[in-house]
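# Working through the structure, step by step
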Amino acid sequence: MAQNFFDEMNLENGDIRDAYNGISKWVDETADEHLRVKRKEADILFRRMGITFAVYGEGGDPERLIPFDIIPRVLSNSEWTTMEAGLIQRTSVLNQFIHDIYHDQEILKAGIIPEHLILNNSSYLPEMQGVNVARNIYSHIAGIDMVRCGENEFYVLEDNCRTPSGVSYMLQNREVMMRLFPDLFAKHRVAPVDNYADLLRTTLIECAPEGTGPEPTVVVLTPGIFNSAYFEHSYLADQMGVELVEGQDLFVDGNVVFMRTTQGPQRVDVIYRRIDDAFLDPLTFNPESTLGVPGLMNAYRAGNVTLTNAVGGGIADDKAVYTYVPDMIKFYTGEEPILKNVPTYRCSDADDLAYVMDNLAELVVKEVHGSGGYGMLVGPHSTVEERTAYAERIKNDPGDFIAQPTLALSTCPTYVENGVAPRHVDFRPFVLSGKKVRMVKGGLTRVALREGSLVVNSSQGGGTKDTWVLGK
Amino acid sequence: MLSRTANNLYWLSRYMERAENLARVLEVANRMSMLPNASGDGNQSEWSSALIISGCEPHFTETGQLVDADAVIEFIGRDEDNPSSIYNCLKSARENGRSVRTTLTSDMWEVLNDTWLSFDSRWSDARRYGEIRSFLDWVKERSALFRGAMYGTMLRDDAFDFARIGTYIERLDNTARILDVKYHVLLPEGENIGGGVDYYQWTTVLRAVSALGSYHYLYREDPQPWKIAELLILRPEMPRSMLSCLLSVSEHLERLGDSYGRKHTCHRLVGKMTSELKFADANEIFREGLHEFLSEFIARNNRLGEEITKSYMFTG
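Residues numbered from 1 in each chain as written. Chains lettered and ligands numbered in written order. Predicted model: local features only at pLDDT ≥ 70, side-chain atom pairs only at ≥ 80, totals over all residues.

## A look at the overall build of chain B
Note the cut-off: A helix here means a DSSP run of H or I that spans at least four residues, while a strand means a run of E at least two residues long, and both kinds are numbered starting from the N terminus. Note on method: radius of gyration uses C-alpha positions; expected globular size equals 2.2 Å times residues raised to 0.38. Exposure is read from a count of other C-beta atoms within 10 Å of each residue's own; the residue is exposed at 12 or fewer, buried at 20 or more and partly exposed in between. C-beta atoms are placed from the backbone. Each residue is represented by a C-beta atom placed from its backbone, and any two residues with such atoms within 7 Å are regarded as in contact.
Of regular secondary structure, chain B possesses 15 helices and zero strands. By the compact-globule yardstick of 20 Å for 316 residues, chain B fits well, its C-alpha radius of gyration being 19 Å. Oriented by its inertia axes, the alpha-carbon framework of chain B measures out at about 55 × 50 × 40 Å. Across the 316 residues in chain B, those meeting the buried criterion constitute 48%. Considering only contacts within chain B whose residues lie at least 6 apart along the sequence, 69% involve residues at least 24 apart.

## A few points about the overall build of chain A
From N to C terminus, chain A includes 15 helices and 23 strands. The principal-axis extents of the C-alpha atoms in chain A amount to approximately 65 × 55 × 50 Å. Taking all 472 residues of chain A together, the buried fraction comes to 44%. Restricting the contact set of chain A to residue pairs at least 6 apart, pairs at least 24 apart contribute 69%.

## Things to note about the sheet that holds strand β14 (residues 345-346) of chain A
Condition: Any two strands between which DSSP finds at least two bridges are classified as paired.
Taking strand neighbours across the sheet as the criterion, the four strands line up as β14-β17-β15-β16 (chain A) in an open arrangement whose pairing is antiparallel. This sheet does not close on itself; its edge strands, each paired only once, are β14 and β16 (377-378) of chain A.

## Thoughts on the pairing of strand β9 (residues 256-261) of chain A
All names here are of chain A. Two elements, strand β8 (residues 250-253) and β9, share four bridges in a ladder whose sense is antiparallel. Bridging from a neighbouring strand, Leu-250 pairs with Met-259 of β9. Between β8 and β9, which pair antiparallel one after the other, the connecting turn spans two residues, and Gly-254 there sits at a positive phi close to 55°. Sheet topology note: the β9/strand β10 (residues 264-267) ladder contains four bridges and is antiparallel. Paired with Phe-258 across the two strands is Arg-267, which belongs to β10. Counted along the chain from β9 to the antiparallel partner β10, the turn is two residues long.

## Topic: unusual backbone geometry
Apart from glycine, the bulk of residues carry a negative phi angle, and the bulk of peptide bonds sit in the trans form. All names here are of chain A. For the bond from Thr-308 to Asn-309, the omega torsion is -10°, close enough to zero to count as cis. Locating Asn-309 in the fold gives a position in the loop between β12 (306-308) and α12 (319-322). One non-glycine residue with positive phi stands out, namely Gln-105, at about 55°. With respect to the helices, strands and loops of the structure, Gln-105 is situated in the loop between α3 (77-101) and α4 (106-109). Here the phi dihedral of Asn-255 falls at roughly 65°; this positive angle occurs in a residue that is not glycine. One can find Asn-255 in the loop between β8 and β9.

## Brief notes about the interface of chain B and chain A
As a reminder of what qualifies: Think of it as three bins: nonpolar holds Ala, Val, Leu, Ile, Met, Phe, Trp, Tyr, Cys and Pro, charged holds Asp, Glu, Lys and Arg, and polar takes everything else, Gly as well.
Each partner contributes residues to the interface: chain B has 19 residues there, and chain A has 18 residues. For the side of chain B that touches chain A, the secondary structure elements donating two or more residues are α1 (3-32), α5 (86-99) and α6 (106-128) of chain B. Here the side of chain B that touches chain A takes five residues from α6 of chain B, the largest share from any one element. Here the side of chain B that touches chain A is composed, by residue class, of eight nonpolar, five polar and six charged.

## Considerations on the packing of helix α8 (residues 196-206) of chain A against helix α9 (residues 230-240) of chain A
Residue and element names in this part refer to chain A. Selection criterion: Axis definition: a line fitted to C-alpha atoms, over the contacting stretch in the case of helices. Angles run 0 to 180 degrees between N-to-C directions. Oblique is the label for every angle not falling under 35 degrees (roughly parallel), over 145 degrees (roughly antiparallel), or within 65 to 115 degrees (roughly perpendicular).
It is at 9 Å that the axes of α8 and α9 come closest, and there the two elements cross at 80°. The orientation of α8 with respect to α9, classified from their angle, is roughly perpendicular. For the pair formed by α8 and α9, the contact residues are Ala-197, Leu-200 and Arg-201 on the first element and Leu-236, Gln-239 and Met-240 on the second. Across the contact of α8 with α9, the residue classes break down as four nonpolar, one polar and one charged.

## Notes on the environment of Val-365 of chain A
Residue and element names in this part refer to chain A. In this fold, Val-365 is placed in strand β15 (residues 363-367). Under the C-beta neighbour-count criterion, Val-365 is labelled buried, with 23 such atoms within 10 Å. Sequence-distant contacts of Val-365, that is, excluding residues within four places in its chain, are made with Val-356, Met-376, Leu-377, Tyr-390, Ile-394, Phe-401 and Ala-403.

## Re the sheet that holds β9 of chain A
Sheet strands pair by backbone hydrogen bonding; their relative direction is either parallel or antiparallel. Residues and elements named next belong to chain A. Read from one edge to the other, the open sheet built from three strands follows the order β8-β9-β10, with strand pairing classed as antiparallel. Every other strand in the sheet has two partners, leaving β8 and β10 as the edge strands with one partner each. On average, adjacent strands in this sheet sit at an angle of 40° to one another, irrespective of strand direction.

## Thoughts on the confidence of the model for chain B
Residues and elements named next belong to chain B. The condition is simple: Scored from 0 to 100, pLDDT reflects the predictor's confidence in each residue.
Per-chain confidence: chain B averages 88 in pLDDT, with 91% of residues scoring 70 or above. When mean pLDDT is compared element by element in chain B, helix α12 (residues 242-260) scores highest at 97, while helix α9 (residues 199-208) scores lowest at 78. ipTM for the predicted complex: 0.76, alongside a pTM of 0.81.

## Section: the environment of Ala-42 of chain A
All names here are of chain A. Inspection of the secondary structure assignment puts Ala-42 in helix α2 (residues 32-48). As a C-alpha pair, Ala-42 and Asp-69 span 27 residues in sequence and 8.9 Å in three-dimensional space. Each residue touching Ala-42, except ones within four places of it in the same chain, is listed here: Phe-68, Ile-70, Val-176 and Leu-180.

## Some details on α12 of chain B
Residue and element names in this part refer to chain B. Our working definition: The length a helix should cover is 1.5 Å for every residue beyond the first.
In a regular helix each residue adds 1.5 Å, so 19 residues correspond to 27 Å; α12 covers 27 Å between its end C-alpha atoms and thus fits that length. Within the span of α12, buried status applies to Met-242, Leu-243, Ser-244, Cys-245, Leu-246, Val-249, Ser-250, His-252, Leu-253 and Leu-256. Positioned one or two residues after α12, Gly-261 has a phi angle of 70°, which is positive.

## Observations regarding the environment of Glu-79 of chain A
You can see Glu-79 of chain A is positioned in helix α3. For the pair Glu-79 of chain A and Met-177 of chain A, spaced 98 residues apart in the sequence, the C-alpha separation amounts to 22 Å.

Below, the structure is given as structure tokens:
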């Protein structure tokens, strides 16, 4: 695969892109040894702050660090402005879509999206049909995965409308960078991200059930310390100044949710839950779940508590539904989508399926319900046997798969074992929807640390970088 | 505040305090083992008493090991199967801390986390070079650092009260045990108080609670058993004395009662225990039997702990 990748710092003609002038100079002027020392320092800082994600069942230390790269990724102000407008447009429409699906289903009636794709989808929860949620918002916190393939080529790779994680890394990466390289910040005008928690709190408060007093009680609901994202749950609760609760701390009485406190029961109005739908309420969903709160769904349906993100929102980030997002935008707003989708072949469609089968070696094939980079076929890196086996799976259940061309993900300078080298990156900005849509200027950049690798997932050798949006 | 949070804070402090106390106990045993010894049992009694004070003698006996310096240091210091080892105390302290990270200040959390992460290297260094003292000093240092971080950075709200209550309940228990066990070790039946027992032995009791200097300052004479008992039970100015611990528990429970506008059985209990000690007389305690007095107080202290738990709905 002789492909030229777009590098965000070095242009092919040898020029440095404007946004990276400062970084390029800094990298050139800084001794390799110094960078090495700084990287070690970063590791120590992350460990001491306890910023780890947990991996159980693989042996070794269950609390691992996600590798952190000390060279920031830089976006210019104009790049950000366009992206931001696109993200706001997209998440607003996704929220409209979920509301529509659980109410009048106009978009299905208009034939824009095939009905069976939604109503037979395991992410569609009939329990939510006709239920009104505060402000008609379902995905209060959305993480939209973006990739870049050229100077002006940004694509949305995936929408995460359920419980997108990673925002704590965005915040901590910035914290660590500012401790390690204060001079570098002094020379750049980097937009701050540290007001994220304030925006999040405001968003959650705005979405309290109608009739709640002026100071709604907000909590973060975590599965507990053994969850891989526990650090993030506790960090966000801390930054917002709200309680971090587990299922056992809550109970429902008369369709109202309370938490057990040292002064007796206290009413809860908004739950930022970091537990999947299926585990929320053993009375409605998985009866085996000990993580949830019995009776929570009844309280929710009665409108006495807000769950963020809403139950059933997964219908909007299903990979098969993803392919229809540009159509949704046109349908609900009449506008052209600002952000492009990656061209995607739906294997449920006969023509697309035929094309996918003929071109497996060039495509990336994904399971519609999969996540985290598992269960996908990366055509150019696969063997004939792997492709044959995968083709068999697609044939058995074509509706379960989509395919995309192998994307030429952009690269960013990254500090690796033998110095600074380009590595592929993606980007996850976070979009908050309350009374209005809010974002901080930044997001989480993930980087594939292995040379040539396009897989950025932390479970598969990916790391993270601080992401800078420069001032005007 | 969540009941679970209060529970975690309470236990977090108890475990930190216990780790420190275990280090003190080992330190004294280690020191004694370097001195010429009167009982002629190869210092075994020192190591046995370390096991008894830390409450893990039955468990140790089950392992079938002989009581000697090496085995006891290993058992109290690092044994993963001994729930009261320093290792497990620091581990539990951190786990409790992790569950309530939102309530801890980052200074407190970093001490807890750092302590746990460096445990293994500290321990193996100390063992490799036979310098258990440096390890024990480190444990005391970490506990002091944690206390400092707590005092210096934590909001004075109910979280602070629950954390402090845990410390004092644990400390009272420990002081009472040290006194109780030491008197048994040092005063076998029929032995007269102040009889043939070595002066150095008596000082160990004081050293175990870092009170040797205070004793000299307050009494200006050689350590005498009844005065030591008075110092460690009844003196309010001695920060590890039983009365001092109770006064502190009482103060924090009062604060909770005031801010929550509600009092419970534990308030009555602590008031009763405190006033008993306030007006007690050391000679009387001795006459009626120190051991009986101490065992009863240890039991009452446990009950106080349980009542506090019940009153504030702890779920753990």
